[in-house]
Amino acid sequence: MQVLLIIAATACAADRQSQRDAVWVAHFTSAAERIEARARAVGMARLHDVRSEQAELRGWMETVSKEMALGGAEAQGPGHYALACGERALGRETEALAQLDAAWNAGFRDPRVAWVRAQILSERYRVLRMEAIAAPDKHERQAREEDAESRYREPVLTLLRQAAGAEFPSTDYGAALVAMHEDRLDAALALLEAVNSKHPWFVEARLMRADVLLLRAAWHWRQERRKETGDDMTAAFQAFTAARATAESFAPAHLAMGRYQAAGMRLTRTHFDGTVFMLSSEDDDKPGPAQTGLAAMDAATQVDPGHAGFACEKARFLTMLAERPNSYGALLSLRSRAVEAAQHTLALDPASACGRMERTRVMVQESEKGLKENSSVDVYKLQEALDLLEAVPPSGRDLAYHLLRARLLHLWTEADLQAGSWRVGSKGWQHQEQAIEAYRSVVALEERVPAYWVRLGELLLARASNPTAKDVDEDLKQAGTAVSNALKGGSTKAPEVWLLWAHHDVAQALRKRAQGETAPWRFEQAAQNIRNALINDTHNPTLHHELGLVLLEHARELWEHGGDPTALIDQAEAAQVQAAKRAPSQDLGKVGQAAVHAARAEYAWWRGADPTEEAERADAFYSQARPFFRTRKNQRFVGRMKVSHLLANQLLEQGQDPEPVLKRPWEGLDIGDRIGQDPVLRHRATGAMSGLRARHSARTDPEKAEKEFLSAEKSYEEALQVEPLNREIRLEEGHLFREWAVVRKAAKQDPEPLLTKGLTLADALLKERPNWPEALLLRAAILRTKDPASPQAREDRDAALKANANLAPGWRRQFPEDGPKAP
């Protein structure tokens, strides 16, 4: 009897507990329905500021929270569900998901919880897919699509199975969600047509139908079905328009239209020049896609002016448009409005990572434009931009953050390099180090996009090419890894991938040359890679210019091993002519053709021919270039200096004064150019010029020649204080010491100290680069000057000319009585 009473009492208690649970479930689900109904009524009203209604909803949510506190454990699950519905109505998806998790963890496993969660995740999936379509890079687009599928497909499908029976307003809508996530787009559209017919007020179905149409349009576009693409794009636009008209105060409808316009502009690329982001269409009576998208973003911010996320999405849309505007006026307007939107975002939410990033993006765009148009870059603006990014907390540092930070640092590196700041320890070097690390962070998060590996690889190659670099081989190795990763993903490669591969081959070949080895096949492969890039980008002047440079380096490699570089130089000239033809207003073709003629002049001089005609042509092309940045000015100066020294040597051999041609490179420099000139370049140029003057003066004024030789030595030493390992400068100084010794010997003065200095330089160069023909001939010339019968001199001479017979005429110039026959 007692046992029966205990059982009955337990059953009654359980029944009362179940009744209390049911009461709280009914109460809070009723509250959730009331919140959703109120939010829907507000959204379907005419366009207006909904903050007062949102305050009302927050009041209801506060009541729910108080009731949860009073209700104890039984109230927690359904209460969190009601709060989730409120958060969703306020446009706070992250907070809504957190409340749904709390409801589920509290034991409230009602299908309605799964249904709301499935809708939120599905909406996120569609946003990611729209952003993927809007991505400018094909591989980036593909990676984002893969991420959207892997992140949301199975979770949403699982939730939809758990939500069976809770689909609102009909099971057709739930079935349409399933079909979309199973990539059955036609089936999804058919189901959504039925939902829209039965429930025209259900704006979510209209928005989903528009998204599905856009997804299908993207699929048609990839299949090159232009008509079907156009039909679906038009239908999607109409669906978005209908959704906005149905619910004028429903901000997600306006945001969806903006995302559609961004995706559509990137997808269809209506203008041949790529400037598809029009503020107005060709038909003045109709707004263009950019204008329509901006109007939609404006509407979203009008609905909820206090929503920082909406404000920042508008800023993001504006900065996206500013990447490729169709006029300068549009550019200024877009950036001004983007700054305003980003600042408004930060005013609403000072901690907003999005607001900081979009404000930074505008500053980066402005600086990039300045650099492209040969204007100075405001480093204070770059520092302000970096400070904005550094203030983003670690939790907000996603892939987009790291990409923007890497882009900023890369830009800063380029600005520093153009200003001549690139040696180890300089600001340019420091920013390059930071940019490399930033792109390492990028590829650590996303390794599937070749463009990211290209940027990292190019930065590593730039650091490896720095004459003051210390870990060249390691940088080349890591750049090779970047090349390998950039080459993944199929046979179709973007031009920048081919170009990175070419740059890496050239860098490897130059490294072999510096070590006394040779790798001509790398130059051949580099040239072929650039030709591959030209197949799909034949009008790109930079690619033609780069091809010309590679061919010139290949020509030098051939010449340094005794070959005839004529054919390669002719090919290089043809490439530079094409570069000039495709960009007549730029300096690429002019400087490229100048380099070709300078190479011909140099090889002519070494052959014993008159280099004057080719040298004058080179100087004429260099003179036509109008560089703005210091680095480009230095490059032009180097070219003019090279040809002026060739002409000066020719004049000296003819017994003439070289002074007129020696002054040429300096004539185009103003005081600012001289002050800002690279110190190594300046000292090397003055050293070579003083040496040539000394040789001329030695014939008539030994005292003046001595002063010029001393001046030349001082200049070379000052250059070597900055770059102590520069081989070319040490080689030139070694020849200076020998020529100076010859003059002293002729004047009955002691030449030994100078010959000793020269011999020390030659020995050091041969230790670093064994069997270097030019260094062997330097040592042979010094030993020959010390002792005409020196066996070591003959051995060095024979070894050098065996390695490069093209040097024989130059040797005969110095020692006509002891020179071998020309090949």
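Residues numbered from 1 in each chain as written. Predicted model: local features only at pLDDT ≥ 70, side-chain atom pairs only at ≥ 80, totals over all residues. Heavy atoms only, no water.

Attention now moves to the overall build of the protein. The secondary structure content of the protein amounts to 37 helices and 0 strands. Whereas a compact globule of 823 residues would reach a radius of gyration of roughly 28 Å, the protein reaches 36 Å, over 25% beyond that. Seen through its C-alpha atoms, the protein measures out along the principal axes to roughly 135 × 75 × 45 Å. Residue burial in the protein is summarised as follows: out of 823 residues, 52% are buried. Across the protein, every contact between residues at least 6 apart in sequence was considered, and the portion connecting residues at least 24 apart equals 64%. Across the protein, the 109 positively charged side chains and the 117 negatively charged ones have centroids separated by 2 Å. (Helix = DSSP H or I, 4+ residues; strand = E, 2+ residues; numbered from the N terminus. Rg over C-alpha atoms; globule rule 2.2 N^0.38 Å. Buried < 20%, exposed > 50% of the residue type's maximum accessible area, 1.4 Å probe, protein only. Contact = heavy atoms within 4.5 Å. Lys, Arg positive; Asp, Glu negative; His and termini not counted. Charge placed at Lys NZ, Arg CZ, Asp CG, Glu CD.)

A full pass over the atoms with the stated rule returns 16 aromatic pairs. Ring geometry for Phe-240 versus Tyr-260: centroids 5.3 Å apart, planes at 45°, classification tilted. Taken together, the positions of Phe-240 in helix H10 (residues 226-246) and Tyr-260 in helix H11 (residues 251-268) put the pair 20 residues apart, joining distant regions of the chain. Across the pair, exposure class does not vary: Phe-240 and Tyr-260 are buried alike. Positioned over the ring face of Trp-60 is Arg-34, at 5.2 Å from the centre of the ring. Stacked on the ring of Trp-221, the Lys or Arg Arg-226 has its end atom at 3.8 Å from the ring centre. (Phe/Tyr/Trp six-rings, centres within 6.5 Å; stacked < 30°, edge-to-face > 60°. Lys NZ or Arg CZ within 6 Å of the ring centre and 35° of its normal.)

Here we take up the environment of Arg-34. Its place among the elements puts Arg-34 in helix H1 (residues 2-43). In sequence terms Arg-34 and Ala-82 are 48 residues apart; their C-alpha atoms lie 9.5 Å from each other.

In this section: the environment of Gln-238. By secondary structure assignment, the location of Gln-238 is in helix H10. Looking at Gln-238, the relative accessible area reads 51%, which means it is exposed. Separated by 32 residues in sequence, Gln-238 and Arg-206 have C-alpha atoms that sit 9.9 Å apart.

Within this structure, the stated rule accounts for 63 salt bridges. For Arg-222, the salt bridge identified is with Glu-145, shortest N-O distance 3.4 Å. Of this pair, Arg-222 sits in helix H9 (residues 203-222) while Glu-145 sits in helix H6 (residues 138-162), placing them 77 residues apart in sequence. Classification of Arg-222 as partly exposed rests on a relative accessible area of 45%. Note that Glu-768 and Arg-727 form a salt bridge whose closest N and O atoms lie 3.2 Å from each other. (Salt bridge = Lys/Arg side-chain N within 4 Å of Asp/Glu carboxyl O.)

Turning next to the state of the cysteines. Counted according to the given criterion, the structure contains 1 disulfide. Put simply, Cys-312 and Cys-354 are joined by a disulfide, and their sulfur atoms are 1.9 Å apart. Here Cys-312 and Cys-354 share a disulfide; its torsion about the S-S bond, -100°, makes the bridge left-handed. Placement of the pair is Cys-312 in helix H13 (residues 308-323) and Cys-354 in helix H15 (residues 353-372), with a sequence separation of 42 residues. With a relative accessible area of 18%, Cys-354 lands in the buried category. (Disulfide = S-S within 2.5 Å.)

The next point concerns unusual backbone geometry. At the junction of Phe-168 and Pro-169, the peptide bond is cis and its omega measures out at 5° in the coordinates. Mapped onto the elements of the fold, Pro-169 is located in the loop between H6 and helix H7 (171-181). Positive phi is not limited to glycine here, since Lys-748 has a value of about 60°. Along the chain, the position of Lys-748 falls in the loop between helix H33 (727-746) and helix H34 (752-768). In this model, Asn-771 sits at a positive phi of 65°, which is unusual for a non-glycine residue.

This paragraph deals with the side chain of His-431. For His-431, the position within the fold is in helix H18 (residues 427-445). Sequence-distant contacts of His-431, defined by excluding residues within four places in its chain, comprise Leu-409, Trp-412, Thr-413 and Asp-416.

With that out of the way, let us pick up helix H4 (residues 93-105). A rise of 1.5 Å per residue sets the reference length of H4, with its 13 residues, at 18 Å; its end C-alpha atoms lie 18 Å apart and thus fit the reference within 8%. In the core, the buried residues of H4 are packed alongside helix H3 (73-89) and helix H5 (111-134). Within two residues after H4, Gly-107 carries a phi angle of roughly 100°, on the positive side. (Expected span 1.5 Å × (residues − 1).)

In this section: the environment of Ala-741. Positionally, Ala-741 belongs in helix H33. Take Ala-741: its relative accessible area is 0%, and that puts it in the buried class. Taking the C-alpha atoms as reference, Ala-741 lies 45 Å from Val-577; in sequence the two are 164 residues apart. Here Ala-741 is in contact with Pro-751, Leu-754 and Leu-755, once residues within four sequence places are set aside.

A few words now on the confidence of the model for the protein. Across the protein, pLDDT averages 89, with 93% of residues at or above 70. For residues 1-15, every residue scores under 50 in pLDDT, and the model assigns this stretch 0 contacts once sequence neighbours within four places are set aside. Contacts from residues 270-284, a stretch scored under 50 in pLDDT, to residues over four places away or in other chains number 36 contacts. (pLDDT = per-residue confidence, 0-100.)

The next thing to look at is helix H20 (residues 472-486). Taking 1.5 Å of rise per residue, the 15 residues of H20 would be expected to cover 21 Å, and the 21 Å separating its terminal C-alpha atoms lies within 8% of that figure. Here H20 has its buried residues at Val-472, Asp-475, Leu-476, Ala-479, Gly-480, Ala-482, Val-483, Asn-485 and Ala-486. Contacts made by the buried residues of H20 are with helix H19 (450-464) and helix H21 (495-514).

Another aspect to go through is the nonpolar core. By size, the foremost hydrophobic cluster in this structure holds 73 residues, and its most contacted members are Tyr-81, Leu-100, Ile-133, Tyr-173, Met-180, Met-208 and Val-212. Looking at this core, the element that brings in the most residues is H9, giving 11 residues. Beyond its immediate sequence surroundings of up to four residues, Met-208 is in contact with Arg-126, Tyr-173, Ala-176, Leu-177, Met-180 and Leu-192. Counting residues in hydrophobic clusters, the runner-up holds 62 residues, among them Leu-534, Ala-555, Leu-720 and Ala-781. (Core = buried A, V, L, I, M, F, W, Y, C linked by side-chain atoms within 4.5 Å.)

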